[in-house]
Amino acid sequence: MKALIVDDELSNQENLQQLLKSYADDVQVCAVAGTIEEAATAIKLHRPELLFLDIQLHDRSGFDLLKQLDEINFEIIFVTAYDQYGIQAVKFAALDYLLKPIDIDELAAAVNKARKAVQQKKKNERLGHLLEYLKEENQTSPRIALPLFGETRYVSINDIVRCEADNTYTRFFLTNGEQVLVSKTLKEYADMLAGYSFLRTHQSHLVNVDYVKSWLREDGGSLQLKDNTKIPVSKINRQKVKDILAVQFKL
C-alpha cells in the first residue's frame, strides 16, 4: 500500500516512517512532503493510496491541500497535535484521526482500516474493468483500462505499439504518438496482455508484434518497429522472440 506523509517537521516525518516500518511493513512510503505545494506535486506524481496528513502546515492547513485537489481518490489519516480539528476532519471523510504523539495501537488500527478500504476499492475497480472487458469481448479489439491521475483511460489494445518499464511505472506508447505513464509494473501488463499479440523482448520492453518491422542482427539481435524505434532483445529471450516471430509471420 503506497503512502505519502505530509508534515512540516522532519522529526515527525522520520518518526512516522520508523513506526510504519516497525508496525506496518506493508505500507510503502513513496514520498514525504513538508508543504502544500510539495504534497500536491507528490500526489500527482506518485498517486498514493493512503495519505498521512498533518493538519497544521506552517501558516496553512492540510484542509487547504484537500480543497485544491480536483479529486480525492486515496484514503486519509489526519495526524495532529490538536484535538479540536476532529470534527472538521470528519467532514473531509477522513478514514481516521491520530493525535501526536502517535499511539502504536491507534496507528495499527488506522492502517488496518486503510488496508481494508484500499482492498475494497481495488476489488471494485477490478470488477469495473471486468465489466468493461465483457462489453468489449465481441469486438475485434478489446480495450484495456489504464488508471491515470484523475481518470481511467480505456485504450484499444490495437492502439498500443509498445510498453516500457520506468522504475515501478509502465509507459505506454500509442499509435497516435501519445505516451501514457501508469503506476503499475510492466510485469502486470505483460501478464494482462499475454493472450494477445504482445511479446516480452526484454526486462524493460513489451512489444505489440503487429508493429514489428524487422529483426536486426546487430548486438546479437534487436527489433525495429514500423516507426523505426529499436527495441533490445535480451539474450535469454532471443530464441523465444525468434520462434514467435517465425510463427507470427509464417517464416
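Below is a summary of the structure that appears in this document. (Residues numbered from 1 in each chain as written. Predicted model: local features only at pLDDT ≥ 70, side-chain atom pairs only at ≥ 80, totals over all residues. Heavy atoms only, no water.)

### Details of unusual backbone geometry
Reasoning step 1: The amide bond that connects Lys100 to the next residue, Pro101, takes the cis arrangement and shows omega of -5 degrees.
Reasoning step 2: In this model, Arg47 sits at a positive phi of 50 degrees, which is unusual for a non-glycine residue.
Reasoning step 3: Structurally, the position occupied by Arg47 is in the loop between helix 2 (36-46) and strand 3 (50-54).
Reasoning step 4: The exposure class of Arg47 is partly exposed, given its relative accessible area of 22%. (Helix = DSSP H or I, 4+ residues; strand = E, 2+ residues; numbered from the N terminus. Buried < 20%, exposed > 50% of the residue type's maximum accessible area, 1.4 Å probe, protein only.)

### Things to note about the pattern of salt bridges
Reasoning step 1: On inspection of all chains with the given rule, the structure shows ten salt bridges.
Reasoning step 2: As a salt-bridge pair, Arg162 and Glu164 come within 2.9 Å of each other at their nearest N and O atoms.
Reasoning step 3: Arg162 gets classed as buried once you look at its relative accessible area, which sits at 9%.
Reasoning step 4: Arg171 is paired through a salt bridge with Asp166; the nearest N and O atoms lie 2.9 Å apart.
Reasoning step 5: Using a relative accessible area of 23% as the deciding quantity, one classes Arg171 as partly exposed.
Reasoning step 6: Note on Asp166: relative accessible area 27%, which makes it partly exposed.
Reasoning step 7: In the salt-bridge network here, residues are joined through shared partners; they are Asp7, Asp54 and Lys100. (Salt bridge = Lys/Arg side-chain N within 4 Å of Asp/Glu carboxyl O.)

### So, the side chain of Thr201
Reasoning step 1: Checked against the element boundaries, Thr201 lands in strand 13 (residues 198-202).
Reasoning step 2: Judged by relative accessible area, Thr201 falls into the buried class, the value being 0%.
Reasoning step 3: Looking at Thr201, its side chain comes within polar contact range of the main-chain oxygen of Pro232, at 3.0 Å.
Reasoning step 4: Sequence-distant contacts of Thr201, defined by excluding residues within four places in its chain, comprise Val207, Leu223, Ile231, Pro232, Val233, Ser234, Asn237 and Val241. (Polar contact = N/O pair within 3.5 Å; in protein donor to acceptor, adjacent residues only side chain to side chain. Contact = heavy atoms within 4.5 Å.)

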